[in-house]
Each structure stands twice: as structure tokens, then as C-alpha cells.
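Letter by letter, the chains look like this.
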Amino acid sequence: MRFLWKFGFGLMILFLNNQLFSTAQYVDDERTTETPTDRTDDPRPRPKPEPRPTKDPRPGPQPGPQPGPLPLPDPGPRESRRIDEDYRSPYYWVTATNGKIPPDAVVAGVDADGGLLYAGRTLHKGNILPCKIAPSRYEASFSYNREELPTFVYEVLCGSKIAWQSASNGKVPKNAIIGGLTSGGEKLYIGRAFYACSLTPGKIHPSHNRLYIPFDREEVAQKVYEVAVHL
């Protein structure tokens, strides 16, 4: 019996040794697979992850040129009598657009369709040029370089003491109304002539010995005409 008891006690001791060895081997395996970041008993503080950049919803500067203010048309000559010799003249100029005229505008002719025509002046390539205004068609035009060209901003001849006097070959009386000025400094005058069932106003160009009227998309030259004069 004593032998059996010693033999059984020895088997129990051997069994406990095997269990302790297996537990130690398992702990060693777990330590070999453990990473520093997975350890919960590490006293060192973990670094905070950097925040990811977020996309700004606001629109940034767009490439290319940015739109600016739209260009405005030149309003034409502003000074009423800046090119006139007589600053006490009874006529003046009123700015208008798109065939419109003021109530005291001077009637300068009649169109082929029966509509009234008025005299005005406008700017073009450094020139101040006389023009004709047709309110019935909501348009104004002038003659330049053998063409009739449209204008949308101009000044209308206004006044009460204005008459018309016959002349020819570029000549004008002393009291003729100055209606324009070339880029070279030559004065142009307001005139009118009968042409194709119309009485059309235009520009008198003394150095050309002609009156030029805008008509049917052309610049028509006339030797005999009437000149606008102030009384």
C-alpha cells in the first residue's frame, strides 16, 4: 500500500508539472505576438492621430480673368457750345439716345416715308460729326468715309431762333451753326439737301466743297444745299 501511495503521489506531481509547463509556454507565445500598441499596461501615452484635412465648401478663386464692369458707350460731346464762336448763340445741344429727341428739338427735314428728321451731332473716331435723327424709326445715323453709319448716343440741336439759308460748294454764312469738328481741327456745319423724295440733314465740309448726307447706307455728296443759321 505504501508503494502504491508513493507511486500515485508521483504521478500527481508529474501531471502538475506538465500543466505548469504548458501554461508558461502559452504565455510566452502570447507575448511574442503582442504589439506595443496593443498592450494596455504600457504607461507611455499613445500619440493622437492627426486630423484629416476637410475640404473647404467655399469656392476658391477661379482661374482666368474675372469679369469686370461692362464698357459703357461714350456719351458724346457734353459741352453745349464748346466748338462755337458765339457763346451767346440761341441754340444748344441736348444729349439723347436711340432716336429719341427733346421737345424743343429743331426740325431739319422730312424722310422719304414722311417722318420728320432732326439734326444732331455725335462722336466717331475722334471726330464730332453732324447726324440725322429719325424718331419714327428710333434711330440716328451719320455719314463717314462713303458710308451711312448708325449711332445710338448723340446730341440734338435745340433752339427757337434758327433758320435755313441757301448756299453751295462748301460755303457757309458767318452765322452758320457749327455742328462738328474733324480730328484735324476743321469745323463742320449743319446743312440739308433734297434727295430721293426727302429733305435730309447732313454735314457741310468746307474743304471738300460739299454737303454730305447719310442716305440708304451711303454717304451722298451734294453741291447745292441749305445751311442752318442762328438769328
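Residues numbered from 1 in each chain as written. Predicted model: local features only at pLDDT ≥ 70, side-chain atom pairs only at ≥ 80, totals over all residues. Heavy atoms only, no water.

*Asks:* Explain the pattern of salt bridges to me, please; I cannot follow it from the model alone.
*Replies:* Side-chain pairs of opposite charge can arise where the charged atoms are in close proximity. Summed over all chains, the structure comprises 7 salt bridges. D111 is the partner of R137 in a salt bridge, and the nearest nitrogen-oxygen pair spans 2.2 Å. Of this pair, R137 sits in the loop between strand 4 (127–134) and strand 5 (139–144) while D111 is found in the loop between strand 2 (107–110) and strand 3 (116–124), placing the two residues 26 residues apart along the sequence. With a relative accessible area of 7%, D111 lands in the buried category. (Salt bridge = Lys/Arg side-chain N within 4 Å of Asp/Glu carboxyl O. Helix = DSSP H or I, 4+ residues; strand = E, 2+ residues; numbered from the N terminus. Buried < 20%, exposed > 50% of the residue type's maximum accessible area, 1.4 Å probe, protein only.)

*Asks:* Could you clarify how one ought to interpret the environment of P135 in this entry?
*Replies:* For P135, the location among the structural elements is in the loop between strand 4 and strand 5. The spatial distance from the C-alpha of P135 to the C-alpha of L116 is 7.4 Å, given a sequence separation of 19 residues. Non-local contacts of P135, meaning those with residues more than four positions away in its chain, are made with G99, I101, L116 and Y118. (Contact = heavy atoms within 4.5 Å.)

*Asks:* What is the right way to look at the side chain of S141 in this model?
*Replies:* As for its position among the elements, S141 is in strand 5. Of the polar contacts made by the side chain of S141, one reaches the side chain of E148; its length is 2.7 Å. Ignoring any residue separated from it by four or fewer positions in sequence, one finds S141 in contact with C131, K132, E148, L149, P150, T151 and P214. (Polar contact = N/O pair within 3.5 Å; in protein donor to acceptor, adjacent residues only side chain to side chain.)

*Asks:* Is there a simple way to explain the packing of aromatic side chains in this structure?
*Replies:* Aromatic rings considered in pairs are described by the distance between their centres and by the relative angle of their planes. Counted according to the given criterion, the structure contains 2 aromatic pairs. Geometrically, the ring pair formed by Y91 and W93 is edge-to-face, given 6.5 Å between the ring centres and 90 degrees between the ring planes. Just as Y91 is buried, W93 falls in that class too. Over the ring of W164 we find R192, and its NZ or CZ is 4.1 Å from the ring centre. (Phe/Tyr/Trp six-rings, centres within 6.5 Å; stacked < 30°, edge-to-face > 60°. Lys NZ or Arg CZ within 6 Å of the ring centre and 35° of its normal.)

That's the geometry; what it means functionally is another story.
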